[in-house]
Each structure stands twice: as C-alpha cells, then as structure tokens.
Amino acid sequence: MSKLSHTPVPWHYVDYSPQFNGCLPVYDIRDDNGTCVAEVVHNESNARLIAAAPDMLDALVVAYRAIPIDSNGTKDCPLCKIQAAIESATGLPIEEVLK
C-alpha cells in the first residue's frame, strides 16, 4: 500500500466539547503527532468513523488479498464491493493499491 498518501495511522478523535461546557459538540481527528487530519466534526459518531477510516481501508485491502480468485479468473461479487470501496477511498485502481 505504498501508493497511498493519506496521513499515517493511527488516527484519534479529540473531544473539545468540554471546552464549550458540553453545549457544542466539537471533535478533531488527529494523528499520533497531534497533527490535525480533519477539523471540527460536530458528531461523535462521524468523528469515530473518520478516525477509523485508515484501519478500515487496511482491513479491506487485507480481505481483498485473502479472497481467492474463482475458476473464471475473477473475484466473487462480494469482493466487487470491497474493491469499489478501496478504489473510492484511495482514488486509485485496485492494481495500484495492491502494489
């Protein structure tokens, strides 16, 4: 996955809501160095999902590689969804991601 250019993992969400007395839900996504990956997410569920995105992408690539090619030389249909998600997340064709 050397072609991927997103900020290295892990990502974490940081809850800034206490600074607003809990009246305003504010979350940032940061890497281990404290670098902001995504600013001001106003929903904790979305913040958790964004923070988990690199790990989910990695899991999808692992799953894609693990599913065998069928006798026709193609991947099963469930794998099509995995491939589409990987290509959507990376902006790259699956062949480039797997290099």
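Use the structure listed above.
The following paragraphs examine the structure supplied in this document. As the structure is a computational prediction, the values presented were derived from the model and not from experiment. (Residues numbered from 1 in each chain as written. Predicted model: local features only at pLDDT ≥ 70, side-chain atom pairs only at ≥ 80, totals over all residues. Heavy atoms only, no water.)

Focus on the sheet that holds strand β1 (residues 11-15)
What counts is decided by this rule: Here a strand pair is declared whenever DSSP counts at least two bridges between the two strands. For helices the rule is a DSSP run of H or I covering at least 4 residues; for strands it is a run of E covering at least 2, with both sets numbered from the N terminus onward. In this analysis an axis means a line fitted to C-alpha atoms, helices contributing only their contacting stretch, and an angle means the value between N-to-C directions, from 0 to 180 degrees.
In space, the three strands of this open sheet follow the order β1-β2-β3, with antiparallel pairing throughout. Of all strands in the sheet, those bounded by a partner on one side alone are β1 and β3 (36-41). Each strand of the sheet is rotated relative to its neighbour by a mean of 20°, with strand direction disregarded. In terms of strand pairing, β1 meets strand β2 (residues 27-31) through five bridges, oriented antiparallel. When the bridges of β2 are listed, His 12 appears paired with Arg 30.

Observations regarding the pairing of β2
Residues in a regular strand project their side chains so that they alternate between the two faces of the sheet. Condition: Relative accessibility under 20% of the residue-type maximum defines a buried residue, over 50% an exposed one, and the middle range a partly exposed one, all with a 1.4 Å probe and only protein chains included.
Within β2, four of the five residues are buried, leaving the element largely enclosed by the surrounding structure. Looking at chain direction, β2 and β3 are connected through three bridges and run antiparallel. Bridge pairing in β3 places Tyr 27 opposite Val 41. The antiparallel hairpin formed by β2 and β3 contains four residues in its connecting segment, where Gly 34 sits at a positive phi of about 85°.

Examining the packing of helix α1 (residues 44-66) against helix α2 (residues 77-90)
Put simply, the rule is: An angle below 35 degrees is read as roughly parallel, one above 145 as roughly antiparallel, one from 65 to 115 as roughly perpendicular, and any other as oblique. In this scheme the crossing of two helices becomes right-handed for a clockwise turn of the near helix relative to the far one and left-handed for an anticlockwise turn of less than a right angle. The contact rule is simple, with two residues in contact once any of their heavy atoms fall within 4.5 Å. Residues are grouped as follows: Ala, Val, Leu, Ile, Met, Phe, Trp, Tyr, Cys and Pro are nonpolar; Asp, Glu, Lys and Arg are charged; all remaining types, including Gly, are polar.
Two numbers describe how α1 lies on α2: the axes approach to 10 Å, and their chain directions differ by 140°. Viewed along their axes, α1 and α2 adopt a mutual orientation that is oblique. Between α1 and α2 lies a crossing whose hand is left-handed. Contact residues: Leu 57, Leu 60, Val 61, Ala 63 and Tyr 64 in α1; Leu 79, Ile 82, Gln 83, Ala 85, Ile 86, Ala 89 and Thr 90 in α2. Across the contact of α1 with α2, the residue classes break down as 10 nonpolar, two polar and no charged.

A few points about the nonpolar core
Basically, it comes down to this: Nonpolar cores were defined as sets of buried Ala, Val, Leu, Ile, Met, Phe, Trp, Tyr and Cys residues, with membership established by side-chain atoms within 4.5 Å.
Judged by nonpolar contacts, Leu 4, Leu 57, Val 61, Tyr 64, Leu 79, Ile 82, Ile 86, Ile 94 and Val 97 together constitute the single largest core of nine residues. Looking at this core, the elements that each hand over two or more residues are α1, α2 and α3 (94-97). By size, the runner-up hydrophobic cluster in this structure holds seven residues, among which are Ile 29, Ala 38, Val 41 and Ala 51.

Section: α2
In plain terms, the rule: In this analysis, the expected span of each helix is defined as 1.5 Å times one less than the number of residues it contains.
Over its 14 residues, α2 runs 20 Å from end to end, which matches the ideal 20 Å to within 8%, given 1.5 Å per residue. If you follow the buried residues of α2, they end up packed against α1 and α3. Downstream of α2 by a residue or two, Gly 91 has a phi angle that is positive, lying close to 75°.

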